[in-house]
Amino acid sequence: MNNNQMCESDGKSRTGSGTGEYFITYPDQVLENVLENVLLFLKSRYDRNAVSLVCKSWYRAEAYTRSDLFIGNCYSVAPRRVTQRFTRVRSVTIKGKPRFADFSLLPQDWGAHFTPWVLTMASAYRALEKIHLKRMSVTDDDLAVVAHSFPNFKELVLVCCDGFGTSGLAVVVSECRCLRVLELIEDEVTDDEVDWISCFPSDGVTNLESLAFDCVESAINFESLEKLVARSPLLKKLRLNRHVSIPQLYRLLIRAPRLTHLGTGSFSPSEEQPQNDSSRESDYLSAFAACRSIVCLSGFREIAPEYLPAIVPICANLTSLNLSYANIDAEQLKPVIRLCHKLQVFWVLDSICDEGLQAVAETCKDLRELRVFPIDAAENAEGPVSEVGLLAIALGCRKLQSILYFCQQMTNAAVVAMSKNCPDLVVFRLCIIGRYRPDCLTGEPMDEGFGAIVKNCKKLTRLAVSGLLTDKAFCYIGQYGKLVKTLSVAFAGDSDMGLKYVLEGCTNLQKLEIRDSPFGDSALLSGLHHFYNMRFVWMSSCRVTREGCLNVARHLPRLVVEVFRRDEEEGGERGDFVDTLYMYRSLDGPRADAPRFVKIL
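Since the structure is predicted, the reported quantities are computational estimates derived from the model, not experimental observations. (Residues numbered from 1 in each chain as written. Predicted model: local features only at pLDDT ≥ 70, side-chain atom pairs only at ≥ 80, totals over all residues. Heavy atoms only, no water.)

K.L.:
Honestly, the overall build of the protein chain in this entry has me stumped. Any pointers?
P.N.:
What the protein chain contains, in helices and strands, is 21 helices and 25 strands. Rg of the C-alpha trace for the protein chain: 26 Å, near the compact-globule value of 25 Å for 601 residues, within the 12% margin. Dimensions of the protein chain, computed from the C-alpha atoms along their principal axes, are close to 75 × 65 × 50 Å. For the protein chain, the share of sequence-separated contacts (at least 6 apart) that also reach a separation of at least 24 residues comes to 70%. For the protein chain, the computed accessible surface area is about 26100 Å², with 51% contributed by carbon and sulfur atoms. Taking the 69 positively charged and 74 negatively charged side chains of the protein chain as two groups, their mean positions are separated by 8 Å. (Helix = DSSP H or I, 4+ residues; strand = E, 2+ residues; numbered from the N terminus. Rg over C-alpha atoms; globule rule 2.2 N^0.38 Å. Contact = heavy atoms within 4.5 Å. Areas by Shrake-Rupley, 256 points an atom, 1.4 Å probe, with all protein chains shown as cover. Lys, Arg positive; Asp, Glu negative; His and termini not counted. Charge placed at Lys NZ, Arg CZ, Asp CG, Glu CD.)

K.L.:
Could you clarify how one ought to interpret the side chain of Asp-142 in this entry?
P.N.:
Take Asp-142: it is sitting in helix H7 (residues 140-149). Comment: no salt bridge for buried Asp-142; closest opposite-charge side chain is Lys-97, at 12 Å. In terms of polar contacts, Asp-142 uses its side chain to reach the backbone amide nitrogen of Thr-139, at 3.0 Å. Setting aside residues up to four positions removed in sequence, Asp-142 forms contacts with Phe-114, Thr-115, Val-118 and Ser-137. (Buried < 20%, exposed > 50% of the residue type's maximum accessible area, 1.4 Å probe, protein only. Salt bridge = Lys/Arg side-chain N within 4 Å of Asp/Glu carboxyl O. Polar contact = N/O pair within 3.5 Å; in protein donor to acceptor, adjacent residues only side chain to side chain.)

K.L.:
Sorry if this is basic, but what is going on with a nonpolar patch on the surface here?
P.N.:
A surface patch of nonpolar side chains, about 180 Å² in accessible area, is lined by Leu-285, Val-312 and Leu-339. Residue classification places Leu-285 among the partly exposed residues on the basis of a relative accessible area of 30%. (Patch = residues over 30% accessible without salt bridge, like charges linked within 9 Å, V, L, I, M, F, W, Y side chains within 5 Å.)

K.L.:
Help me out: how do you make sense of the packing of aromatic side chains in this one?
P.N.:
Both the distance between ring centres and the angle between the ring planes are used here to describe each pair of aromatic rings. Under the criterion given, the structure shown has 17 aromatic pairs. When the ring of Phe-474 is compared with that of Phe-519, the centres are 5.6 Å apart and the planes differ by 90 degrees; the resulting orientation is edge-to-face. Placement of Phe-474 in helix H18 (residues 471-480) and of Phe-519 in the loop between strand E19 (511-515) and helix H20 (521-525) is noted, with a sequence separation of 45 residues between them. Each member of the pair Phe-474 and Phe-519 is classed as buried. Relative to Phe-564, the ring of Trp-538 lies with its centre 6.1 Å away and its plane at 65 degrees, an arrangement referred to as edge-to-face. With Trp-538 in strand E20 (residues 536-540) and Phe-564 in strand E21 (residues 559-564), the pair connects residues that are 26 residues apart, well separated along the chain. Each member of the pair, Trp-538 together with Phe-564, is buried. (Phe/Tyr/Trp six-rings, centres within 6.5 Å; stacked < 30°, edge-to-face > 60°.)

K.L.:
Sorry, what's going on with the confidence of the model for the protein chain here?
P.N.:
A low pLDDT score tells you not to read the predicted coordinates there in detail. Per-chain confidence: the protein chain averages 90 in pLDDT, with 91% of residues scoring 70 or above. With pLDDT under 50 throughout, residues 1-26 is counted as low confidence; its partners more than four residues away or in other chains account for 17 contacts. (pLDDT = per-residue confidence, 0-100.)

K.L.:
Help me understand the packing of H18 against helix H19 (residues 496-505) in this model?
P.N.:
Packed helix pairs are characterised by how far apart their axes lie and by the angle those axes make with each other. Relative to each other, H18 and H19 sit at 0 degrees, their axes nearing to 8 Å. Taken as axis vectors, H18 and H19 run roughly parallel relative to one another. Contacts between H18 and H19 involve Asp-471, Phe-474, Cys-475, Ile-477 and Gly-478 from the first element and Met-497, Gly-498, Tyr-501, Val-502 and Gly-505 from the second. Residues belonging to the contact of H18 with H19 are distributed by class as follows: six nonpolar, three polar and one charged. (Axes fitted to C-alpha atoms, helices over the stretch in contact; angles between N-to-C directions. Parallel < 35°, antiparallel > 145°, perpendicular 65-115°, else oblique. Nonpolar A, V, L, I, M, F, W, Y, C, P; charged D, E, K, R; others polar.)

K.L.:
I keep staring at the nonpolar core and nothing clicks. Help me out?
P.N.:
Soluble globular proteins tend to pack their nonpolar side chains together in the buried interior. One finds Phe-114, Trp-196, Phe-346 and Phe-428 to be the most contacted residues of the largest nonpolar core, which totals 178 residues. With residues up to four places along the chain from it excluded, the contact list for Phe-346 reads Leu-321, Leu-323, Leu-333, Ile-337, Val-360, Leu-367, Glu-369, Leu-370 and Arg-371. With five residues, the next largest nonpolar core counts Leu-349, Phe-373, Leu-404 and Ile-433 among its residues. (Core = buried A, V, L, I, M, F, W, Y, C linked by side-chain atoms within 4.5 Å.)

K.L.:
Can you walk me through the side chain of Asp-162 in this structure?
P.N.:
Mapping Asp-162 onto the fold places it in the loop between strand E4 (155-159) and strand E5 (164-165). Look at Asp-162 and you get buried, because its relative accessible area is 10%. At 3.2 Å, the side chain of Asp-162 and the side chain of Lys-97 are in polar contact. Apart from the residues lying within four places of it in its own chain, the contact partners of Asp-162 are Lys-97, Gln-108, Met-136, Ser-137, Val-138 and Glu-188.

K.L.:
Would you mind going over the environment of Val-484 with me for this structure?
P.N.:
Structurally, the position occupied by Val-484 is in the loop between H18 and strand E18 (486-490). For Val-484, a relative accessible area of 1% puts it in the buried group. Taking the C-alpha atoms as reference points, Val-484 and Thr-507, separated by 23 residues in sequence, lie 8.2 Å from one another. In this structure, Val-484 is in contact with Leu-460, Thr-461, Asn-508 and Leu-509, ignoring residues within four places of it in sequence.

K.L.:
Would you mind showing me how to read the environment of Leu-169 here?
P.N.:
One can find Leu-169 in helix H8 (residues 166-175). Along the backbone, Leu-169 and Ile-197 are 28 residues apart, and their C-alpha atoms lie at a distance of 8.6 Å. Discounting chain neighbours no more than four positions away, the residues touching Leu-169 are Leu-143, Phe-164, Leu-184, Val-189 and Trp-196.

K.L.:
How should I be thinking about the pairing of E18 in this particular structure?
P.N.:
The element E18 is largely enclosed, with a buried count of four among its five residues. As defined by bridge partners, strand E17 (residues 462-465) adjoins E18 across four bridges and the pair is classed as parallel. Bridged to Leu-463 within E18 is Leu-487. Examined bridge by bridge, E18 and E19 share five bridges and lie parallel to one another. Note on E19: the bridge partner recorded for Ala-490 is Arg-515. Since E18 and E19 lie parallel, the crossover through H19 that links them has a hand, and here it is right-handed. (Pairing = 2+ DSSP bridges. Right-handed = clockwise from strand over helix to strand, strands pointing away.)

K.L.:
I keep staring at the pairing of strand E9 (residues 237-240) and nothing clicks. Help me out?
P.N.:
Regular strands show a simple pattern: their side chains alternate between the two faces of the sheet. Here E9 shows a buried face lined by Leu-238 and Leu-240 and an unburied face lined by Lys-237 and Arg-239. Here strand E8 (residues 210-212) pairs with E9 via three bridges, running parallel. Of the residues in E9, the one forming a bridge with Leu-211 is Leu-238. Following the chain from E8 across helix H9 (residues 222-230) to the adjacent parallel E9, one finds a crossover that is right-handed. Taken together, the four bridges between E9 and strand E10 (residues 261-264) define a ladder with parallel strand orientation. Across the sheet, the residue bridging to Leu-238 is Leu-262, located in E10. Read as a crossover between parallel neighbours, the route from E9 over helix H10 (residues 246-255) to E10 is right-handed.

Shown next, in the form of structure tokens:
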């Protein structure tokens, strides 16, 4: 039966029982068929969720036509419920642990296991092509199930995941013959001493379009990698780990001139090549010059700064540059950044100092996203970037939409300037590393700065606050932050009233993350009216008691209320207060895989 016949048969014989019997089409069924055809063009999951709430007929049609599935919390719904409702899924995205797991605030064995999901999908979604996981615990056995269960599997993206090793990767790359995308991003990958790169099929060309393994700490077989790249004419994205040296990168660039996204690996000489050897410098320049299609550049692990000018030939075309692993100073950055006039995304270490950020502001007028990470996150460290750098960006990069800025000191004036000059900000995350630090010039709380952000940036959906803040700042957030969906609070706050302002005013709040702040039971209970509408609430090292958590659990039985300690001791309390509270909505009640140190109230 050809494709046309299959489609024709499906249109004539589909019934609710799936038996294939012919039936007479009634008006309601005709409308449902028309709706299904219309819904095939509806891609936004938010729009689809709205459609499914209209009536039962639309609910059925939406479920039948949904091919892309997004699960924002792996414990919000049971896998079996998902597969029973959505039967034609081809792409699945699942998020597991809360974000504060990235800061070692979540015990290692807390949960977020992929196993129940992949076992359920293996029997229900034989046509599955894509899996994207974030902060999930994935085993080698899970990867084997993926490799053996989905004949047309094409795309695996694992972000901040753990639990698997190179043996699991070997099974995936050897069995998934249609694989187009394999991206391992910030994962913890165990070295099983398996040469997984050599396990890609060796016959003919591959379908690979994207290969990223920069987080894999173990060495790879470079000869096999070189042959793989040569046999992958569709390859556009390649991100290498630190075991790939500059001479090896040169060899790969020669074989892959059509790359658009490149992660450079170590960007330092190999052991065989003396670091002061300039004999091949022109070769590296010519190699990058031959890859002018590159628009996204990252990597630079263990960088030798004197080699950075090798990227000059492609700077004019770059729209994204990630130097967040490159310990370079302003003088080393300037010759490169002054050529990046098209740059829209820039990640960098604060080692470039305010002077480096001023150079960015002078050149990158089209910048949309900036992230400045600390090279030393200690509270007593001397901060190389400050309000001076932020002010320069505010004045020079008027199109900025997203910023993450780590610093040791800040002023209200600089933040207010950013709110006025960058009104299109959607994400504003200012992380003042020292605890409860005021305006470094006036000694005043940072209330007016953050107040200006929520007042003037009308599109703001994500906000992270820090520094010395009073209830006034949180009053501003509750009053003006009507579109804020994610709020992160660290070492900030004055009293329970601050959190009350937020929970009562931020009607679109979905994710609330609070650590080391003075909010207690009264503040927590003020959100009872809104918790069912949120994805999760996280509070660690606050002033919430076990009794306060129990009150929430009694009032909201469909909300899962977990308490635990970071050191995995049972009980969940530290002194009079709960060490960590994690609450989330769930259609199927408390999870069955909670470890002994997690108490579900």
